[in-house]
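Architecture at a glance
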Amino acid sequence: MIAVTPEAILRVLSAGPGVTLQDAGRHGYLRFGVTAAGPMDRLAHAAANLAVGNPAGATALEVSVGGVEVTAQSAPLHVAVAGGEFSLSLDGRPLPPAMVLNLDEGAVLRIRAGGRGSWCYLAVAGRFAVPKVLGSHATHTRTGFGGVNGRAVVAGDRLGIEPSGSSAPSPGAIIAPWLDRPIDAVRVVLGPQQDYFADDQISAFLAGPWTVSAKGDRMACFLDGPQLTHARGYNIVSDGIAMGAIQVPGDGRPIVLMADRQSTGGYPKIATVIGPDLGRLAQARPGTTFRFEAVSIEQAVAARRDEAAELARGIVVEPLLRTDFSSEFLLGLNLIDGVVSVEPSG
Amino acid sequence: MRRHADLDPAPGLSDPRFLDAGEAALVVQFGEIVDPAINDRVLALDAALRADPPAGTREFVPTYRSLMIHYDPLEIDRATLVATVRRAMEAAVEGRGQATIWTLPCCYDPALAEDLDEAAQLLKLTRDRAVALHHKATYRVYMCGFTPGQPYLGGVPEALKISRRPTPRPPHAAGAVLIGGGLCVVAPFVMPTGWYVIGRTPERLYAAERKDAFLIQAGDMLRFDPIDLTTFRDLEQRAASGEIVARKSAA
């Protein structure tokens, strides 16, 4: 399947639906109708990459609640998992939910849905040796762009990993409390079409409460809650759609457009989720209840700046304590002493 | 497919509105309707900004009536961006210069034009009359969107303006030529649709391996050249091997 002969292979033993390769997105082609795709939780995607010494926007495996089982073939791999609170195990032995570890040849890393979260990211030190489409690995299954032949990852896939040349990351637990973002309020900037709604409808929108519907996917997050009405009808002439745009179709039930959204669309958009809160919303499981909070552009930019500063501080990886795991197991992980801070690159 | 408002005449040009689509996208809105003069202003601003992209801007997405500017607010703040856009508008040359005209082969054989008879019946036209109306018109590409390389066309003759289906139909083939919502599109990807399939082009509007992956862009003009089923099969094979089977000319 893959033309080059890389040093190591990440072999997929099993994969639930919706496990895809994602880099920072396919940018520059929205004007031709090409969806950017990219990670649902950008911050967790970046954290996993930085933890193994990759650039923040490098290609990683986005794992859905369907889970995945992988092993290293031909050579060991350095991997990191971050995002949500998934259930990890190595050869059947449980691990913390956010980890950097050495995956030996034949060792089985199993990732399953855990206590919280809808998406986690499996980053591998090095580069995925799969062809790019329009300069990106980001998978968009609706148009068959990127990833592995335009599709989600399935059992039997062998993903070649080319070495990046950066030094091997040290294994341990990823300490990133800022990744754990409860979803009580999701911040939005009103518009661009808030004038298609009367004031009482804007109030109803902000009051909520909203519940994440089971219907959602990478394209959209459907919400259950108050039924909104339009002041000026719901047929607008199509215009651009940003990630996080909350469109209100004729039935009055808001839809938040996510990573796999179309480039343009024709329903009024009452508000837009701010960048730093997109990942929090994406991680919310069906049934989660929350409210929207309107903020100014300045507040949204300040939140974005805080997020960038958090990432710039680097990812802290702490060796596991012997009291938590058997010494034999820890020796198998090749853990070293001391707290290691991995500086972001790229 | 999304709904489209009816085609109303322009109420007159005014200053654009600057709308926020979150903190990282600015919408420069020149109007709310489908109108060539409004679209001209969108494309003029798009061309001016692309010629000299302001630092911190990422992508420009022209639509019927607005330009969406994706930007990094940590690199350029909103006020600076708005001021930059205003300056670009003053410098922008109105109109599109010499537009590219594409002539796209289109087969209207009912074997490929699955909904032609249904649409003609709803429009109270004969099949032949509907086909003649469709291929004798010249269309304007207002924007591209929905799927990669898909042009949204205006200039549909009044007698061919049809509203969308009450419920979507099953997926159509790649290359389907569709009418609905008073507009026409050519759909490069297999998708379910609320519109009517009245023809199919053998041309690939998106082809990853071609030097020009995308054939058509906003501002181009488009005509349809009727072909029979045999010609369609021939051109389809040639297009599959990477040849561009549409004809390109300058206005």
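Residues numbered from 1 in each chain as written. Chains lettered and ligands numbered in written order. Predicted model: local features only at pLDDT ≥ 70, side-chain atom pairs only at ≥ 80, totals over all residues. Heavy atoms only, no water.

Residue and element names in this part refer to chain A. The domains assigned to chain A are domain 1 (9-180) and domain 2 (185-309). Computed from C-alpha coordinates alone, the two centres of domain 1 and domain 2 are separated by 27 Å. Of the roughly 1700 Å² buried between domain 1 and domain 2, counting both surfaces, carbon and sulfur atoms make up 44%. The largest share of the area that domain 1 buries against domain 2 comes from Met40, Arg42 and Arg142, three residues that together contribute 34% of it. Between domain 1 and domain 2 we count three salt bridges in total. For aspartate 217, the salt bridge goes to arginine 142, with nearest N and O atoms at 2.9 Å. Remark: the boundary between domain 1 and domain 2 carries 13 residue pairs in polar contact (both at pLDDT 80 or more). (Domains from an automatic or database assignment. Buried area = accessible area lost by both parts, 1.4 Å probe. Salt bridge = Lys/Arg side-chain N within 4 Å of Asp/Glu carboxyl O. Polar contact = N/O pair within 3.5 Å; in protein donor to acceptor, adjacent residues only side chain to side chain.)

What follows concerns the sheet that holds strand β12 (residues 158-162) of chain A. Reading across the sheet, the seven strands line up as β7-β6-β9-β4-β1-β12-β11 (chain A) and stay open at both edges, with antiparallel pairing between neighbours. Strand pairing shows two members of the sheet lacking a second neighbour, β7 (93-95) and β11 (127-128) of chain A, which therefore form its edges. (Pairing = 2+ DSSP bridges. Helix = DSSP H or I, 4+ residues; strand = E, 2+ residues; numbered from the N terminus.)

This part takes up the interface of chain B and chain A. Across the contact, 47 residues belong to chain B and 47 residues belong to chain A. Here chain B packs against chain A, burying approximately 3800 Å² in sum over the two surfaces, 59% of which is carbon and sulfur. Where chain B packs against chain A, one counts five salt bridges. One salt bridge connects A:Arg31 with B:Asp46, and the closest N-O pair in it is separated by 2.7 Å. Broken down by secondary-structure element, the contributors of at least two residues to the side of chain B that touches chain A are β1 (17-20), β2 (25-29), α1 (36-51), β3 (57-62), β4 (66-71) and β6 (139-144) of chain B. The element best represented in the side of chain B that touches chain A is β3(B), accounting for four residues. Classifying every residue of the side of chain B that touches chain A gives 25 nonpolar, 11 polar and 11 charged. (Contact = heavy atoms within 4.5 Å. Nonpolar A, V, L, I, M, F, W, Y, C, P; charged D, E, K, R; others polar.)

On to the packing of aromatic side chains, then. Under the definition given, this model contains 15 aromatic pairs over all chains. A ring pair is formed by A:Phe145 and B:Tyr206, whose centres lie 5.0 Å apart and whose planes are at 35°; its orientation type is tilted. Within this pair, whereas A:Phe145 is found in the loop between β11 and β12, its partner B:Tyr206 is found in the loop between β10 (196-200) and β11 (221-227), the two belonging to separate chains. We note that A:Phe145, like B:Tyr206, is buried. Grouping aromatic residues by their ring pairs yields a cluster made of A:Tyr29, A:Phe32, A:Phe145, B:Phe189, B:Tyr206 and B:Phe214. Sitting over the face of the ring of A:Tyr196, A:Arg232 holds its NZ or CZ atom 4.2 Å from the ring centroid. Above the face of the B:Tyr142 ring, B:Arg140 is positioned so that its terminal group lies 5.2 Å from the ring centre. (Phe/Tyr/Trp six-rings, centres within 6.5 Å; stacked < 30°, edge-to-face > 60°. Buried < 20%, exposed > 50% of the residue type's maximum accessible area, 1.4 Å probe, protein only. Lys NZ or Arg CZ within 6 Å of the ring centre and 35° of its normal.)

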